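Geometric and topological summary
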Amino acid sequence: MICVLGDAHLDVVVCPAGPIVEETDTPSRISVGAGGQAANVAAWITALGGRARLIAARGTDPASRLVADDLARRGVDIAGPVIDGQTGVVVSLSDGGVSRSMLTDRGVGPLLDATALADEWLDGCTSLHLPAYSLVREPVAGAALAAARRLPRLSIDLSSTAALAEYGVDRFRALLTRLRPQIVFGNEAEAALVGDLAGSGLAGSDLVVKLGPGGARANGRVHAAHPARAVDPTGAGDAFAAGYLLGGMTLGLEAAARAVAQMGAMP
């Protein structure tokens with residue numbers, strides 16, 4: 001069982017048919033469902049044959065039920081407090097399978113507090129996966145650190161250059177040194193921002209760099225991406241991380257290829 005602690009959002013992915021036209025309609029393909037980096041990884045773990053528990057704060061609005069039902073249908077074990085407020089929403093603008101930009105409102109997601117972390121939520125878990133989103137905002141960062149102290153194996157995804165820059169890159173590098181994760185995932189921009197892990201006292205950590213259409217790099221070697229007809233890159237990095245945690249590089253690249261060939265971040 002892999003525990004993932006972080007956000008469970010409502011994900012809205014928009015693929016416009018052309019340039020967005022001001023003050024009128026732009027025909028688009030749109031998908032709506034559960035999302036958020038932590039939820040995406042948990043869902044892909046179960047889709048790839050593993051077991052996952054998502055620990056997340058959930059809101060009290062109708063979107064919360066939609067998200068919870070979607071994740072439960074996918075086999076994700078859901079734990080965490082229900083907090084009065086709205087579910088987070090991420091709107092991803094996808095450019096024909098090439099790139100995407102995200103508009104994010106995390107809702108109650110960051111409000112998970114360490115004092116609310118129940119022992120049974122971690123029972124049976126052999127490892128913990130933390131998006132950096134769960135480490136750069138309080139109070140959820142306190143819950144993430146508390147969970148990391150209680151499980152033997154840790155992986156971290158760098159998540160977002162914007163989130164890392166706002167938190168402070170040096171400060172985040174110091175946090176990585178304290179946590180000593182076995183695996184750190186990041187795209188090229190995130191990995192470049194954080195810099196050499198060995199120089200941060202993390203020589204024992206594996207940095208796995210997600211290269212998009214270029215595949216992935218680990219231990220100085222680039223592994224080619226699996227062939228895929230790219231439709232939407234949303235969630236491909238999360239699918240890769242899930243596959244890598246379960247079965248290494250090959251399964252990670254297989255999952256990423258599946259992800260980019262469909263709309264939305266969920267399997």
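Keep in mind that what you see is a predicted model, and the values were worked out from it rather than measured.

Below, the discussion takes up the packing of helix H1 (residues 37–47) against helix H7 (residues 236–260). Two elements in contact, H1 and H7, have axes separated by 11 Å at closest approach and are oriented at 100 degrees. One finds that H1 runs roughly perpendicular with respect to H7. Listed contacts from H7 to Gln-37, Asn-40, Val-41, Trp-44, Ile-45 and Ala-47 of H1 are Asp-238, Ala-239, Ala-242, Leu-246, Ala-255, Arg-258 and Ala-259. Considered class by class, the residues forming the contact of H1 with H7 number nine nonpolar, two polar and two charged.

To continue, consider empty space enclosed by the protein. Rolling a probe over the atoms, with the probe sized like a water molecule, indicates the empty space that remains. Evaluation of the coordinates by the stated rule reveals one cavity of 30 Å³ or more. Looking at the largest cavity, its volume works out to about 30 Å³. What lines the largest cavity is Ala-8, Leu-54, Ala-56, Arg-58, Val-67, Ala-68, Leu-71 and Ile-78. Examining the composition of the lining of the largest cavity, we find that three residues originate from one element, helix H2 (residues 62–73), more than from any other. Considering only residue class, the lining of the largest cavity consists of seven nonpolar, no polar and one charged.

Scanning the model with the defined rule gives seven salt bridges in all. A salt bridge links Asp-77 to Arg-53, with the nearest nitrogen and oxygen atoms 2.7 Å apart. Of this pair, Asp-77 sits in strand S5 (residues 77–79) while Arg-53 sits in strand S4 (residues 52–55), and the two are 24 residues apart along the sequence. Given the relative accessible area of 33%, Asp-77 is considered partly exposed. For Arg-74, the salt bridge goes to Asp-70, with nearest N and O atoms at 2.9 Å.

Let's shift gears to the pairing of strand S2 (residues 9–16). Burial within S2 is extensive, with seven of its eight residues counted as buried. With eight bridges joining them, S2 and strand S3 (residues 28–35) adopt antiparallel strand pairing. Across the sheet, residue Val-14 finds its bridge partner in S3, namely Ile-30. Examined bridge by bridge, S2 and strand S6 (residues 87–95) share five bridges and lie parallel to one another. Within S6, the residue paired with Val-12 across the bridge is Val-91.

Criteria and thresholds
- Residues numbered from 1 in each chain as written.
- Predicted model: local features only at pLDDT ≥ 70, side-chain atom pairs only at ≥ 80, totals over all residues.
- Heavy atoms only, no water.
- Axes fitted to C-alpha atoms, helices over the stretch in contact; angles between N-to-C directions.
- Helix = DSSP H or I, 4+ residues; strand = E, 2+ residues; numbered from the N terminus.
- Parallel < 35°, antiparallel > 145°, perpendicular 65-115°, else oblique.
- Contact = heavy atoms within 4.5 Å.
- Nonpolar A, V, L, I, M, F, W, Y, C, P; charged D, E, K, R; others polar.
- 1 Å grid on protein atoms, 1.4 Å probe; cavity = no way out; pocket = protein on both sides within 12 Å on 5 of 7 lines; lining within 4 Å.
- Points joined across faces, edges and corners; volume = space filled by probe spheres on them.
- Salt bridge = Lys/Arg side-chain N within 4 Å of Asp/Glu carboxyl O.
- Buried < 20%, exposed > 50% of the residue type's maximum accessible area, 1.4 Å probe, protein only.
- Pairing = 2+ DSSP bridges.

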